Amino acid sequence: MFFVDTLEFRGLGNRSYLAGGPSAAVVVDPPRDIDQVIAAAARRGVRIAFVAETHVHNDYVTGGLELARVTGARYLVPAGARVSFARTPVADGDTVTVDEGLVLRAIATPGHTPHHTSYALTEGGRGVAAFTGGSLLVGTVGRPDLVEPRLTERLARAQHASARRLADELDDDVAVLPTHGFGSFCSSSPTEGDATTIGKERETNDALILDVDTFVARMLAGLDDVPAYYAHMGPANATGPAPVDLTPPRRADAEEIASRLAAGEWVVDLRGRIAFAEGHVSGSFNFEGDGKLATYLAWLIPWGKPVTLLAEDPERIAAAQRELARVGIDRPAAATGDPAGWIREGERLASFPRARFADLAFVRERGEQVVVLDVRRDSERAGGLIGGSVHIPLHELHGRMDDVPDGVVWVHCAGGMRAAIAASLLDAAGRDVVAVDDGFDAATEAGLTLTRPEETD
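Quantities reported herein were computed from a predicted structural model and do not represent experimental measurements. (Residues numbered from 1 in each chain as written. Predicted model: local features only at pLDDT ≥ 70, side-chain atom pairs only at ≥ 80, totals over all residues. Heavy atoms only, no water.)

What follows covers the overall build of the chain. For the chain, the count of helices and strands is 16 helices and 23 strands. The C-alpha atoms of the chain give 24 Å as radius of gyration, which agrees with the globular expectation for 457 residues (23 Å, within 12%). Taken along the three principal axes of its C-alpha coordinates, the chain extends 70 × 50 × 35 Å. Taking all 457 residues of the chain together, the buried fraction comes to 55%. In the chain, once contacts between residues fewer than 6 apart in sequence are set aside, the share between residues at least 24 apart is 68%. (Helix = DSSP H or I, 4+ residues; strand = E, 2+ residues; numbered from the N terminus. Rg over C-alpha atoms; globule rule 2.2 N^0.38 Å. Buried < 20%, exposed > 50% of the residue type's maximum accessible area, 1.4 Å probe, protein only. Contact = heavy atoms within 4.5 Å.)

Dropping the structure here:
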């Protein structure tokens, strides 16, 4: 009997897989922190015989090269991928035997990247699973615009053909096991659900329902913003990432925190947004450890800027360090404990108020002149916006502080997490800010007038 174990990384919206038989296994698209992969294999009592990459990843640093080195596994990388390290190049139709009766077959599925390769797992000659990487996802496909703008339409057409090839070659009951699509920005559109099969995708996936021209037009019209740090992931993976170092970071005391802030470095408070608003180190930024920490911190921070992490306990620091290492942010300094210990004697913690959309409606009704700042992405704002609001997507805010009008800034997003990040950026810049910690649906319920972007032109 075969098995497939899923390793989920919610912060990045990705999954890796360990699949095999009684004695040996293959790992598909492993994370950089390979210790958990090795632990999963140990629990199964199997040897990692192969490590397979579906493509050179744009959204995280792979652990494939190091995992293959540590375990002695053969490292399978698409032959068309331009990499500068030794590997076993795989081309369309190549097969390897993972365990007795368990065979992995490479299927060329260009689209997410030109060299993208999926892998079909067969047991006794019967297809049982397809590791589709950034090709066929749950209800959608991987985006085609992360490699080179001039290739985007061509790759979108290739993505359509690749999805149909998978559907043509694999039976309806074959499990579709993608790497991306569970909140990842590598997905061309939001996904719903976390399990699917070829048969289900035949019924619901645009790539398998629409003709190629309609599919491409719809996909290209719906592509969202690309996180800035993606530009650094592909080159790191093609060069061959360094082994991850997850030893505890060195401790930063109040003097060092102040010194790092004075030097323009980033001090990141991992606590929840309520605690941060009530009292924080002046100049620090709030990226909740329970949110999409790696995605948003890596997206906003100037690449290579040193980071100091603040949290209530060492466990939170360790979890954040692990998540950030997955996107190439290594070796932070850190401090834990009571926030009062993060500031020097004689200094005071900073704070700012939180509110609901009902509070915003109230101050507007009283005629108070406030700035309403919407930090959602363009695609979100297209569905409705608060009349008179200023729009600066969160990922642009740090570089566009001068575009925020004077006055008290009431900042909102769709749910509160990004508004908290934005409020911390504004607070650090010396602005009077109110963080709206509320779901956007509550804006209508509060009586705020919503309009469409075209109505504000």
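Back to the write-up after that little detour.
What follows deals with the pairing of strand 22 (residues 433–436). Burial along strand 22 is two-sided: Val 433 and Ala 435 facing one way and Val 434 and Val 436 facing the other are all buried. Note: strand 17 (residues 354–355) against strand 22, two bridges, orientation parallel. Across the sheet, Ala 355 pairs through a bridge with Val 436, a residue of strand 22. Here three bridges tie strand 21 (residues 409–412) to strand 22, and the two strands are oriented parallel to one another. For Trp 410, the partnering residue across the bridge sits in strand 22 and is Val 434. (Pairing = 2+ DSSP bridges.)

Attention now moves to the pairing of strand 11 (residues 175–178). For strand 10 (residues 126–133) and strand 11, the ladder comprises four bridges, and the chain directions are parallel. Counterpart to Gly 133 in the pairing with strand 11 is Pro 178. This β-α-β element, strand 10 to helix 3 (residues 152–169) to strand 11, shows right-handed connectivity. In this sheet, strand 12 (residues 196–197) lies alongside strand 11 in antiparallel orientation, the contact comprising two bridges. Directly across from Val 176, in strand 12, lies its bridge partner Thr 196. (Right-handed = clockwise from strand over helix to strand, strands pointing away.)

Another aspect to go through is unusual backbone geometry. Notably, Asp 29 is not glycine yet its phi reads approximately 50°, a positive angle. Mapped onto the secondary structure, Asp 29 falls in the loop between strand 3 (24–28) and helix 1 (35–44). Note on Asp 29: relative accessible area 0%, which makes it buried. A positive phi angle, near 50°, is found at Arg 331, a position not held by glycine. For Arg 331, the location among the structural elements is in the loop between helix 11 (314–325) and strand 16 (333–336).

Among the structural elements, His 55 can be located in the loop between strand 4 (47–52) and helix 2 (64–71). Separated by 62 residues in the primary sequence, His 55 and Thr 117 place their C-alpha atoms 6.5 Å from one another. Each residue touching His 55, except ones within four places of it in the same chain, is listed here: Pro 78, His 112, Thr 113, His 115, His 116, Gly 134 and His 180. Within the local environment of His 55, its side chain forms a polar contact with the side chain of His 180, the two groups lying 3.3 Å apart. (Polar contact = N/O pair within 3.5 Å; in protein donor to acceptor, adjacent residues only side chain to side chain.)

So, about helix 10 (residues 293–300). A large share of helix 10 lies buried, amounting to eight of its eight residues. Residues Leu 293, Ala 294, Thr 295, Tyr 296, Leu 297, Ala 298, Trp 299 and Leu 300 constitute the buried set of helix 10. Buried residues in helix 10 make contact with strand 13 (266–269), helix 11, helix 14 (394–397) and helix 15 (417–428).

Let's shift gears to the pattern of salt bridges. Under the criterion given, the structure shown has 38 salt bridges. Counted as one network, the salt bridges with shared partners bring together Glu 8, Arg 10, Arg 15 and Asp 194. (Salt bridge = Lys/Arg side-chain N within 4 Å of Asp/Glu carboxyl O.)

Pairing in this open sheet of five strands is parallel, and the strands run 17-22-21-18-20 from one edge to the other. Each end of this open sheet is capped by a strand with a single partner; those strands are strand 17 and strand 20 (390–391). Where strand 18 (residues 371–374) and strand 20 come together, two bridges link them in parallel fashion. Residue Leu 373 lies in a different strand from strand 20, and its bridge partner there is Val 390. Contacting strand 17, strand 18, strand 21 and strand 22, helix 12 (residues 357–365) runs over the sheet at an angle of about 145° to strand 21. Against the sheet, helix 15 contacts strand 18, strand 21 and strand 22, and its axis sits at roughly 150° relative to strand 21. (Axes fitted to C-alpha atoms, helices over the stretch in contact; angles between N-to-C directions.)

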